[in-house]
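Descriptive structure summary
So you can see what is in the structure, the chains are spelled out below.
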Amino acid sequence: MREPTFLILTALADAPRHGYGILQEVNALSGGRVSLLTGTLYTALDRLCAEGLVEPDHEELVDGRARRYYRLTSPGLTALTAETARLRDLAAAAESRLRTPNPATPKPRPA
Amino acid sequence: MTTPLARRYRRLLLCYPRTHRRDELLATLLDAAPPDRTRPTLREASDLLRHGLRARLGRPASRTVVAWATLATVISGLFGAAFATRAAWETVRPLPDAAQTRAMLLEILPNEPWDQVYPPPPATFAIYNQPLGWNMASEMMLGDGGEYSQAAIGAGVNGHPGDDPRRTVDEALANLESHGWRVYNTAWSDAYSCVGPPCDPTTIPQNATIAARRGDTALTLEVYTWSTPDTTHLSASFMRTTPLAVWPAGIAGFLLASLAALLLFGWASRRTEADYPTRPAATSSEHPARGWVMGLFGLAMVLWWAPTLYALPFMTLHHVREPHPTWHPMWEWLGQPTFSLFFVVGGGCLLLALALSALPRRQTEAITAAT
């Protein structure tokens, strides 16, 4: 799973969100590092809907603007849970290796 | 939502298919835009263009639809360009008449009796000296498509070359240059072939082919060093070089045909795509001929690409190995009309696939999402 997909699914994990809400949440989740553009977001949403991981929830009109909310489906939740576990395992493995000092690797200089 | 920014976003959203949720995208774009923004950024515009074209292809979960669309767009563009260049070839100047031909040949080899001038066919391109028509369709498609070639006016001299043929070649080359012709490398080839004793391949007489160009006229002069009194020992033909209009016509033809192919591919792809697993039962549907459409499209791509992939390296080698005052016309680089049967059958497959795509989708029960 690519990082933008993971972040979009994560953004929808706690509540349904509309397009702009997802953009904001992805930006916040990544600490401002990932800033999705609207075209990219909707292509990803179309794909996730076609894969059955995300589905439209409801629509509303705010200030004359159409907003459609999206929510995670049960397979979407499963996929996100599996990916989270995979990333956690990878991070744990990396941390474990980093705790074992390698004499050939130069030590980081103190700040 | 009629601000200048909204209008500009709306124009960019035309890249998306009409049935796509353009209003929803517009709302998100306006929500995400800073208050002082009056026009989309370049990054936004290219993002909407790219993803809008992707949305036109449908099948959002497909990993191959972009590759198929590229294949269809490129080959259609190439064929479109080929047809456009064929039309533009009609702007070519008429060939020199018999008197002008004879006068030019007497400039090149004044001591030869250029009395046999063969008139050109009554068309810019001809097959067996006839304009292409329905009466020649079967010859064209069933193996003789390679005979469809550019019209030329020619002349020949019969008899045994009395003098040293190499002196004839030298004289022709000198006269061509002195009369303003650009002369290409002379190609020498064996008059006949033999293998080993008693024949010595190094003693085989050599025929010469001289290629030259002056303005929009190309000359091919062949000097046969081994002939009998009844056969030709000098043969010359004049044809026109590619007219200038061919280039813009080819580019325009490529762009228009590519665009048309992209839009048609996207339309058929969206109409025949599989349903979303999460679509509500009331709106769930499937296309009755989805498999047929995909099969016909795949067959058409094979029939259109195979001759092109065969002809392209062959023509490139041909141009590199032999002097060409003017390049072969574009359709020959695509294997046409030698493989015109492939093209026609492929075109028929595509038309049938498009017709089947137009069939209405039928309602079906909702497919529940797999867990």
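Across its full length, chain B holds 11 helices and 12 strands. Scaling as 2.2 N^0.38, a compact globule of 371 residues should have a C-alpha radius of gyration of about 21 Å, whereas chain B reaches 29 Å, well beyond that. A buried classification covers 32% of the 371 residues belonging to chain B. Within chain B, contacts between residues separated by at least 24 positions form 75% of all contacts whose residues are at least 6 apart in sequence.

With that settled, consider the overall build of chain A. Looking only at helices and strands, chain A features 4 helices and 3 strands. Mapped from its N terminus to its C terminus, chain A presents α and β elements in the order α-β-α-α-β-β-α. Relative to a compact globule of 111 residues, whose C-alpha radius of gyration would be 13 Å, chain A shows 18 Å and is clearly more extended. Residues counted as buried form 30% of the 111 residues belonging to chain A. When contacts within chain A are restricted to residue pairs at least 6 apart in sequence, those whose partners lie at least 24 apart make up 41%.

With 28 residues of chain B at the contact, the number on the chain A side is 25 residues. For the side of chain B that touches chain A, the secondary-structure elements that each account for two or more residues are helix 2 (22–32) and helix 3 (42–56) of chain B. When its residues are assigned to classes, the side of chain B that touches chain A shows 14 nonpolar, 5 polar and 9 charged.

What follows is about the nonpolar core. Ranked by internal contacts, the top residues of the largest apolar core, which has 33 residues, are B:Leu78, B:Ala81, B:Ala82, B:Ala300 and B:Ala353. Elements with a contribution of two residues or more to this core: helix 4 (65–88), helix 8 (246–271), helix 9 (290–321), helix 10 (330–333) and helix 11 (340–357) of chain B. Counting residues per element, this core draws most heavily on helix 4 of chain B, which supplies 9 residues. The contact partners of B:Ala81, leaving out residues within four places of it in the chain, are B:Gly250, B:Gly253, B:Phe254, B:Ala257 and B:Met330. Membership of the second largest hydrophobic core comes to 30 residues, among which are A:Ala11, A:Ala44, A:Cys49 and A:Leu72.

This next bit is on the sheet that holds strand 2 (residues 125–127) of chain B. Strand order across the open sheet formed by 3 strands is 3-2-4 (chain B), with antiparallel pairing between neighbours. The strands lining the two open edges of the sheet, one partner per strand, are strand 3 (130–131) and strand 4 (149–150) of chain B.

What follows is about the packing of helix 1 (residues 4–12) of chain B against helix 2 of chain B. All names here are of chain B. Where helix 1 meets helix 2, the closest approach of the two axes is 10 Å, and the angle between their N-to-C directions is 135°. By the angle between their axes, helix 1 is oblique relative to helix 2. Crossing geometry of helix 1 relative to helix 2 is assigned as right-handed. The segment helix 1 lies against helix 2, with Ala6, Tyr9 and Arg10 engaging Leu26, Leu29 and Leu30.

Assignment of secondary structure puts B:Trp114 in the loop between helix 5 (98–108) and strand 1 (116–118). For B:Trp114, the contacting residues outside a window of four places in its chain are B:Arg102, B:Leu105, B:Leu106, B:Ala155 and B:Val157.

Where the parts come together, the accessible area they lose is often given as the size of the interface. What the domain assignment lists for chain B is domain 1 (1–56) and domain 2 (93–240). For domain 1 of chain B and domain 2 of chain B, the distance between their C-alpha centroids amounts to 61 Å.

Our focus in this paragraph is unusual backbone geometry. Excluding glycine, a negative phi dihedral is what most residues carry, and trans is how most peptide bonds are arranged. All names here are of chain B. Of note, the amide linkage connecting Gln336 to Pro337 takes the cis form, showing an omega dihedral of 0°. Mapped onto the secondary structure, Pro337 falls in the loop between helix 10 and helix 11. Positioned with a positive phi, Arg59 is a non-glycine residue whose angle comes to about 45°. With respect to the helices and strands, Arg59 occurs in the loop between helix 3 and helix 4. Positive phi is not limited to glycine here, since Asn129 has a value of about 65°. Within the element layout of this structure, Asn129 appears in the loop between strand 2 and strand 3. Residue Asn129 is classed as partly exposed on the basis of its 13 C-beta neighbours within 10 Å.

Right, let's talk about helix 5 of chain B for a bit. All names here are of chain B. Within helix 5, burial applies to Thr101, Met104, Leu105 and Ile108. When helix 5 is viewed along its axis, its buried side chains cluster within an angular range of 100° and face the same direction. Helix 5 presents Ala99 and Ala103 as exposed residues on the side facing more than 90 degrees away from its buried surface. Lining the buried residues of helix 5 we find strand 1, strand 5 (153–158), helix 7 (165–178) and strand 10 (232–240).

A word on the sheet that holds strand 3 (residues 65–72) of chain A. All names here are of chain A. Strand order in the open sheet formed by 3 strands is 1-3-2, with antiparallel pairing between adjacent strands. Strands with a single pairing partner mark the edges of an open sheet, and in this sheet they are strand 1 (17–18) and strand 2 (54–62). Of the pairings in the sheet, the one linking strand 2 to strand 3 comprises 7 bridges and is antiparallel in character. Each residue of the ladder has a partner; that of Leu61, found in strand 3, is Ala66.

This part takes up the confidence of the model for chain B. Residues and elements named next belong to chain B. Averaged over every residue, the pLDDT of chain B is 88; the share at 70 or more is 93%. Within chain B, helix 4 carries the highest mean pLDDT (97), whereas strand 12 (residues 362–363) carries the lowest (80). Confidence over residues 366–371 falls short of pLDDT 50; this stretch has 18 contacts with residues more than four positions distant or in other chains.

A few words now on the packing of helix 1 (residues 3–11) of chain A against helix 4 (residues 74–99) of chain A. All names here are of chain A. The geometry of helix 1 relative to helix 4 is characterised by a closest axis approach of 10 Å and an angle of 120° between their N-to-C directions. The angle between the axes of helix 1 and helix 4 places the two elements in the oblique class. Every pair of crossing elements has a handedness; the one defined by helix 1 and helix 4 is left-handed. Taken together, the residues of helix 4 that come into contact with helix 1 (itself represented by Phe6, Leu9 and Thr10) are Gly76, Ala79, Leu80 and Glu83. Classifying every residue of the contact of helix 1 with helix 4 by side-chain character gives 4 nonpolar, 2 polar and 1 charged.

So, how was this worked out
- Residues numbered from 1 in each chain as written.
- Chains lettered and ligands numbered in written order.
- Predicted model: local features only at pLDDT ≥ 70, side-chain atom pairs only at ≥ 80, totals over all residues.
- Helix = DSSP H or I, 4+ residues; strand = E, 2+ residues; numbered from the N terminus.
- Rg over C-alpha atoms; globule rule 2.2 N^0.38 Å.
- Buried ≥ 20, exposed ≤ 12 C-beta atoms within 10 Å, placed from the backbone.
- Contact = placed C-beta atoms within 7 Å.
- Nonpolar A, V, L, I, M, F, W, Y, C, P; charged D, E, K, R; others polar.
- Core = buried A, V, L, I, M, F, W, Y, C linked by C-beta atoms within 7 Å.
- Pairing = 2+ DSSP bridges.
- Axes fitted to C-alpha atoms, helices over the stretch in contact; angles between N-to-C directions.
- Parallel < 35°, antiparallel > 145°, perpendicular 65-115°, else oblique.
- Left-handed = near helix turned anticlockwise from the far one by under 90°.
- Domains from an automatic or database assignment.
- Arc of directions from axis to C-beta.
- pLDDT = per-residue confidence, 0-100.

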